[in-house]
Amino acid sequence: NAGVTQTPKFQVLKTGQSMTLQCAQDMNHNSMYWYRQDPGMGLRLIYYSASEGTTDKGEVPNGYNVSRLNKREFSLRLESAAPSQTSVYFCASSEAFPAFSYNEQFFGPGTRLTVL
Amino acid sequence: DAKTTQPNSMESNEEEPVHLPCNHSTISGTDYIHWYRQLPSQGPEYVIHGLTSNVNNRMASLAIAEDRKSSTLILHRATLRDAAVYYCIPSAGNTPLVFGKGTRLSVIA
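Attention here is on the structure that accompanies the text. (Residues numbered from 1 in each chain as written. Chains lettered and ligands numbered in written order. Predicted model: local features only at pLDDT ≥ 70, side-chain atom pairs only at ≥ 80, totals over all residues. Heavy atoms only, no water.)

### Some thoughts on the overall build of chain A
Part 1 of the reasoning: Helices and strands together make up the secondary structure of chain A, namely zero helices and eleven strands.
Part 2 of the reasoning: Shown N-terminal to C-terminal, the secondary structure of chain A runs as helices and strands in the order β-β-β-β-β-β-β-β-β-β-β.
Part 3 of the reasoning: Its C-alpha radius of gyration of 13 Å places chain A within 12% of the 13 Å reference for a compact globule of 116 residues.
Part 4 of the reasoning: For chain A, the spread of C-alpha atoms along the principal axes amounts to about 40 × 30 × 25 Å.
Part 5 of the reasoning: The burial tally for chain A puts 48% of its 116 residues in the buried class.
Part 6 of the reasoning: Contacts in chain A between residues far apart in sequence, at least 24 positions, make up 57% of those at least 6 positions apart.
Part 7 of the reasoning: Of the roughly 5,300 Å² that chain A leaves accessible, carbon and sulfur atoms contribute 50%.
Part 8 of the reasoning: Separation between the mean location of the 10 positive side-chain charges and that of the 9 negative ones in chain A comes to 8 Å. (Helix = DSSP H or I, 4+ residues; strand = E, 2+ residues; numbered from the N terminus. Rg over C-alpha atoms; globule rule 2.2 N^0.38 Å. Buried < 20%, exposed > 50% of the residue type's maximum accessible area, 1.4 Å probe, protein only. Contact = heavy atoms within 4.5 Å. Areas by Shrake-Rupley, 256 points an atom, 1.4 Å probe, with all protein chains shown as cover. Lys, Arg positive; Asp, Glu negative; His and termini not counted. Charge placed at Lys NZ, Arg CZ, Asp CG, Glu CD.)

Right, here's the structure in full:
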């Protein structure tokens, strides 16, 4: 039982390049989330998927797109990377949406992205 | 979302109790109070949650004020492994969790 896995762990991009961050969970959770964390800051929600087939914008969606590929997988795409998107990206999942009551959120280990 | 106020940082000696305060004076009656922590270079992890009554689990205790405008996370015996950023999160019940800056806890051996 791996929980939430993210690939890659590290990535360096040049301005304007595109890439996709992958996230998968093996807990049969319905809801999945993408957050970013800048140095010294808390996590900010980029996008979330309450259930398979749905996605919604969070606090900071500009410059990103997401795909809920199936119940297990939720990817985050940067179409044209910018230095301001240098951050650590965390994927999370919870059994149901929203993450209230005892529906705790489980987080992956993060992807450290640097955009030059 | 309810606004929260937490100290930026706190320090504790190893094997002593730690009380991490959180003020959430605008919390609504149906908001749960969640605590998560983030160890260095890791994703956040769940610690504890509660609604009105004090709660205990294997990691910590949560003391909730009678008016629910504040709460305190209690680590009974801090270890070096407890050094982390602790987030207090009132949840609205219809939105994903919102993480503030939290309290950075340092544990001194």
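### Describing the environment of Ala109(B)
All names here are of chain B.
Part 1 of the reasoning: Residue position: Ala109 is located in the segment after strand E9 (103–108).
Part 2 of the reasoning: Note on Ala109: relative accessible area 79%, which makes it exposed.
Part 3 of the reasoning: Each C-alpha atom, one on Ala109 and one on Glu45, is 23 Å from the other, the two residues being 64 residues apart in sequence.
Part 4 of the reasoning: Excluding residues that lie within four positions of it along the chain, Ala109 makes contacts with Glu14 and Leu80.

### Description of the packing of aromatic side chains
Residue and element names in this part refer to chain A.
Part 1 of the reasoning: In this structure the tally under the stated criterion is nine aromatic pairs over all chains.
Part 2 of the reasoning: Aromatic pair Tyr64 and Tyr89: ring centres 5.9 Å apart, planes at 65°, arrangement edge-to-face. Of this pair, Tyr64 sits in strand E7 (residues 64–68) while Tyr89 sits in strand E9 (residues 87–94), and the two are 25 residues apart along the sequence. The residues Tyr64 and Tyr89 share a single accessibility class, namely buried. (Phe/Tyr/Trp six-rings, centres within 6.5 Å; stacked < 30°, edge-to-face > 60°.)

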